[in-house]
Protein chains: 2
Amino acid sequence: MPEASTTTRRDELLAIAGKLFAERGFRNTTVRDIADAAGILSGSLYHHFDSKESMVDELLDTFQQQLFDQYDEIVASDRSPLEKLDAVVRASFAAIDAHHSEVAIFQNDADFLATFDRFAYLIERNKRFQKLWTGLLREAVDAGELRADLDVELVYRFLRDTVWVAVSWYRPGGELSADEVATQYLSILLEGIASHG
Amino acid sequence: MPEASTTTRRDELLAIAGKLFAERGFRNTTVRDIADAAGILSGSLYHHFDSKESMVDELLDTFQQQLFDQYDEIVASDRSPLEKLDAVVRASFAAIDAHHSEVAIFQNDADFLATFDRFAYLIERNKRFQKLWTGLLREAVDAGELRADLDVELVYRFLRDTVWVAVSWYRPGGELSADEVATQYLSILLEGIASHG
DNA sequence: GCCTACCAAGCAATTGCTTGTTTGGGATAC
DNA sequence: GTATCCCAAACAAGCAATTGCTTGGTAGGC
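Nothing here was measured: the structure is a model prediction, and the numbers come from that model. Each chain has its residues counted from 1, following the order in which its sequence is written. Lettering of chains starts at A and numbering of ligands starts at 1, both following the order in which they are written. The predicted origin of the model limits local features to residues at a pLDDT of at least 70 and limits the giving and counting of side-chain atom pairs to 80 or more, whereas totals for whole chains, interfaces and linings rest on all residues. Where side-chain values are given, they derive from all heavy atoms of the structure, hydrogens and water being excluded.

Structural notes on the nonpolar core
Among the nonpolar cores identified, the biggest contains 132 residues, and Tyr71(A), Phe93(A), Trp133(A), Tyr71(B), Phe93(B) and Trp133(B) are the most heavily contacted of them. Here a residue-residue contact requires only that any non-hydrogen atoms of the pair lie within 4.5 Å. Those residues within four positions of Phe93(B) in sequence are excluded, and the remaining contacts are Val163(B), Ala166(B), Ala178(B), Val181(B), Ala182(B) and Tyr185(B). Definition of nonpolar core: a set of buried residues of the types Ala, Val, Leu, Ile, Met, Phe, Trp, Tyr and Cys, connected through side-chain atoms within 4.5 Å. Buried means the residue's accessible area, taken with a 1.4 Å probe over protein chains only, is under 20% of the maximum for its type, while exposed means over 50%, and partly exposed covers the values in between.

Below is the structure:
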């Protein structure tokens, strides 16, 4: 069972497709674009994949599962709420670094894709994501680690946007590492969110 | 010269097109979509406009000119750097409220459009925008109104993203007014940016 | 000799846009 | 008053290009 090498070409094509989806959007990337980038003809893609849809599906699904596994591990740990929040933010920036295409696709095309039954799971995961983050924020407030007068829902959007929008300018291998960016972001953010002491 | 009513139908169609461009992106909106929403046939659009491109062009160009006029006025006023920054942020949130479609289109499609000669002005205006905002940030740092240890470029991105990304969730006529959101955003932000005293 | 990876050709649907024509209401001429 | 003209606004039909995807076949390594 030579699994490791059997999946190679397929994964290669997936990565190429992901990069293009991320750059120009799912709907604005043609199967011929993908094939050209891979050096083959568009019809040949269908030897590997059922459809263009199933390519994004696979990209987003596997990425999200990995990310949530990390989140769950952090939440289940015995750190303080604020420390958990810190870890979750760092894990998210690490995801932007390691899975740049997938994050960009999610940012740009999730709303559209979610209108199809096949991608209904995106909506559920989004809710789960929101519950997890707002939960941590509330716990941190209750623990006295964050200001008590915060509008948690608004802070959630603020935090979420600030983190994920970074995919639009952060480039893996650039001047700042993902964790350095995370450190600076958290510094700026916490000076406003942390209770004064 | 009944100018006021002569331009009405055209403006109506522009607004319809803008809304659709904002919702599903420029490239993913067909001229038939626009025509359907307007209750006419796609060919009839070409009585009013040269092309689909010229519709976005007109939408973005006029909007940006208005916005920059406001920015320039604020910058030219005799307020302190921090007060100017405050005003610029509020003006931006007001723009999200008053020109929701245009902001959304700019957020989503500017990068793509900017690859065409016709939309080269988007790149220039973007540079001008960055200079204006980073200039204000630097002045505020120099004036002692903001922390001196800030990475101004990073703060700029942070600020810019935080403001404009709001177009993805803010809905005119919703619970919070644009200025209320601006106030809360500034509060959260400044507690981290303002020099401690 | 089978299986992975691909090519070659093409189909039905959708795209932006063009062309020629029709409609209906207001200004103008008589 | 009414006949004439005009013109904005729309329709009807279709064209060339592009879209996702299908079908049937081929090359080459294990």
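Remarks on the packing of aromatic side chains
The relation between two aromatic rings is expressed through the spacing of the ring centres and the mutual angle of the planes. What counts as a ring pair is set by centres within 6.5 Å for rings of Phe, Tyr and Trp (its six-membered ring), and what kind of pair is set by the plane angle: stacked under 30 degrees, edge-to-face over 60, tilted for all other angles. By the definition in use, this model includes 25 aromatic pairs over all chains. With a centroid separation of 6.3 Å and 45 degrees between ring planes, the pair formed by Trp169(B) and Tyr185(B) is classed as tilted. In this pair, Trp169(B) sits in the loop between α8 (152-164) and α9 (178-193) while Tyr185(B) sits in helix α9, placing the two residues 16 residues apart along the sequence. No difference in accessibility class separates Trp169(B) from Tyr185(B), as the two residues are buried. By the ring-pair criterion, three or more aromatic residues cluster together here, those being Phe93(A), Phe158(A), Trp169(A), Tyr170(A), Tyr185(A), Phe93(B), Phe158(B), Trp169(B), Tyr170(B) and Tyr185(B). The residue whose ring lies beneath Arg27(B) is Phe112(B), and the NZ or CZ to ring-centre distance is 3.6 Å. Lysine and arginine charges are scored as sitting over a ring when NZ or CZ, respectively, is within 6 Å of the ring centre and within 35 degrees of the ring normal. Looking at Arg157(B), its charged tip hangs above the ring of Trp169(A), at a distance of 3.7 Å from the centre. Put simply, DSSP marks the helices as runs of H or I at least four residues long and the strands as runs of E at least two long, and each gets a number from the N terminus on.

A few points about the layout of surface pockets
Residue and element names in this part refer to chain A. With a 1 Å grid laid over protein atoms only, a set of points is called a cavity when a 1.4 Å probe fits there but cannot get out and a pocket when it is open yet has protein on both sides within 12 Å along at least five of seven lines; lining residues have an atom within 4 Å of a point. Grid points are joined across faces, edges and corners, and a volume is the space filled by probe spheres set on the points. Of the volumes computed, that of the second largest pocket is approximately 290 Å³. Together, 13 residues line the second largest pocket, and Asp11, Leu14, Ala15, Leu59 and Glu102 are the ones closest to its centre. Contributions of two or more residues to the lining of the second largest pocket are made by α2 (8-24), α4 (52-76) and α6 (100-113). Each residue belonging to the lining of the second largest pocket can be placed in one class, and the counts come to four nonpolar, five polar and four charged. When residues are grouped by polarity, Ala, Val, Leu, Ile, Met, Phe, Trp, Tyr, Cys and Pro land in nonpolar, Asp, Glu, Lys and Arg in charged, and all others, Gly among them, in polar.

Digging into empty space enclosed by the protein
Within the structure shown, the criterion is met by four cavities of 30 Å³ or more. Volume-wise, the largest cavity comes out at about 70 Å³. Lining the largest cavity are eleven residues, and of these Leu82(A), Leu85(A), Leu186(A), Leu189(A) and Leu190(A) sit closest to its centre. Those elements giving two or more residues to the lining of the largest cavity turn out to be α5 (81-98) and α9 (178-193) of chain A. In terms of residue class, the lining of the largest cavity is built from ten nonpolar, no polar and one charged. Reported here for the second largest cavity is a volume of approximately 60 Å³. Around the second largest cavity, the lining is made up of eleven residues, and of these Leu82(B), Leu85(B), Leu186(B), Leu189(B) and Leu190(B) lie nearest the centre. Listed by contribution, the elements that provide at least two residues to the lining of the second largest cavity are α5 (81-98) and α9 of chain B.

Points about the protein's contact with DNA strand D
Near residues are defined by distance, with any heavy atom within 4 Å of the molecule or strand qualifying the residue. If you check the shell around DNA strand D, you find 17 residues, and the closest are Thr30(A), Arg32(A), Tyr46(A), Lys52(A) and Leu41(B). If you look at DNA strand D and keep only atoms within 4 Å of the protein, 59% of those are sugar or phosphate atoms. Between DNA strand D and Arg32(A) there is a distance of 2.9 Å, counted from a base oxygen to a side-chain nitrogen or oxygen. Counted as a polar contact is a pair of N or O atoms within 3.5 Å, where, for protein atoms, one must be capable of donating a hydrogen and the other of accepting one, and residues adjacent in sequence contribute only when both atoms are in side chains. For DNA strand D, a phosphate oxygen lies 3.3 Å from a polar atom in the side chain of His48(B). For the surface near DNA strand D, the residue count by class is four nonpolar, nine polar and four charged.

Description of the confidence of the model for chain A
Residues and elements named next belong to chain A. This prediction gives chain A a mean pLDDT of 90; 93% of its residues lie at or above 70. Across chain A, α4 holds the top mean pLDDT of 96, while helix α1 (residues 3-6) sits lowest at 41. By definition, pLDDT measures how confident the predictor is in each residue, and it falls between 0 and 100. In this model residues 192-197 is a low-confidence stretch, pLDDT under 50, and it forms 18 contacts with partners more than four residues away in sequence or in other chains.

Some remarks on the relation of the copies chain B and chain A
What sets the superposition is a least-squares fit of C-alpha atoms, and only residues with pLDDT of at least 70 in both copies go into it. The transform that puts chain B on chain A rotates by 180 degrees and translates by 0.0 Å along the axis, for an RMSD of 0.0 Å. Interpreted geometrically, this transformation is the action of a two-fold axis. A high fraction, 100%, of the interface residues of chain B reappear at the interface in chain A, so the copies pair face to face through one surface.

Description of helix α3 (residues 31-38) of chain A
Residue and element names in this part refer to chain A. The complete set of buried residues in α3 reads Val31, Ile34, Ala35 and Ala38. In a view along the axis of α3, the buried residues occupy a sector of 95 degrees, so they form one face of it. Pointing more than 90 degrees away from the buried face of α3 are the exposed residues Arg32 and Asp36. Of the surrounding elements, those touching the buried residues of α3 are α2 and α4. Phi turns positive one or two residues past the end of α3, at Gly39, with a value near 80 degrees. Picture the helix axis, draw a direction to every C-beta atom, and the arc is the one those directions span.

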